[in-house]
Amino acid sequence: QVQLVESGGGLVQAGGSLRLSCAASGRTFSSYVMAWFRQGPGKEREFVARITQSGDYTYYADSVKGRFTISRDNAKNTVYLQMNSLKPEDTAVYYCAGRTTSTYDYKYWGQGTQVTVSS
């Protein structure tokens, strides 16, 4: 069983930056594909970014490409989301999630952290 705990959210002005962290429990963190999702007010949850187990490959939603960077430190059981040039439309609850490579379904989810970008 893997437990995920996000941190780093907050209120920031448009154009600013935030760094989200997601700390994972358990010994098998390095075997999981990790991702960030977000859910804005009145919107459905959407994919933001994904990183492979070793961190060699990353994937981004078009809406954040060039502004957000996902990374991971397997020694610290932590995945990060560096968010730059934030826009009001980035306002959402951000969730980290993990899955094995045997499925496309994310089995493990954090509780979420609120990011609010003011204009």
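Given the structure is predicted, the values throughout are model-derived calculations rather than measurements. (Residues numbered from 1 in each chain as written. Predicted model: local features only at pLDDT ≥ 70, side-chain atom pairs only at ≥ 80, totals over all residues. Heavy atoms only, no water.)

1. Quick word on the side chain of T91
One can find T91 in the loop between β8 (78–83) and β9 (92–99). Of note is the side chain of T91, whose polar atom sits 2.9 Å from the backbone oxygen of P88. There is a polar contact of 2.9 Å between the side chain of T91 and the backbone nitrogen of V117. Sequence-distant contacts of T91, defined by excluding residues within four places in its chain, comprise G40, P41, Q114, V115, T116 and V117. (Helix = DSSP H or I, 4+ residues; strand = E, 2+ residues; numbered from the N terminus. Polar contact = N/O pair within 3.5 Å; in protein donor to acceptor, adjacent residues only side chain to side chain. Contact = heavy atoms within 4.5 Å.)

2. A look at unusual backbone geometry
Of note, N77 is a non-glycine position whose phi angle comes to about 55 degrees, a positive value. Mapped onto the elements of the fold, N77 is located in the loop between β7 (68–73) and β8. By relative accessible area, N77 is classed as buried at 18%. Positive phi is not limited to glycine here, since S85 has a value of about 50 degrees. One can find S85 in the loop between β8 and β9. (Buried < 20%, exposed > 50% of the residue type's maximum accessible area, 1.4 Å probe, protein only.)

3. Structural notes on the packing of aromatic side chains
Tallied over the full model, the rule gives 5 aromatic pairs. Residues Y106 and W109 carry aromatic rings whose centres are separated by 6.2 Å and whose planes lie at 65 degrees to one another, so their mutual orientation is edge-to-face. Given a relative accessible area of 28%, W109 falls into the partly exposed group. Put simply, the rings of F37, F47, Y106 and W109 touch in pairs and so form one group of aromatic residues. Lying across the ring of Y80, R19 places its NZ or CZ 3.9 Å from the centre. The lysine or arginine in question, R50, covers the ring of Y59, its NZ or CZ lying 4.2 Å from the ring centre. (Phe/Tyr/Trp six-rings, centres within 6.5 Å; stacked < 30°, edge-to-face > 60°. Lys NZ or Arg CZ within 6 Å of the ring centre and 35° of its normal.)

4. A look at the nonpolar core
For soluble globular proteins, nonpolar side chains are generally found buried alongside one another. Ranked by internal contacts, the top residues of the largest apolar core, which has 29 residues, are W36, V79, L81, M83 and Y94. Where this core is concerned, the elements lending two or more residues are β3 (18–24), β4 (33–39), β5 (46–51), β7, β8, β9 and β11 (113–118). For this core, the element with the highest residue contribution is β3, accounting for 4 residues. If we ignore the near neighbours within four places in the chain, the residues touching Y94 are E6, L20, W36, F37, R38, V48, F68, L81, M83, G112, T113 and V115. (Core = buried A, V, L, I, M, F, W, Y, C linked by side-chain atoms within 4.5 Å.)

Just distances and angles here, no functional claims.
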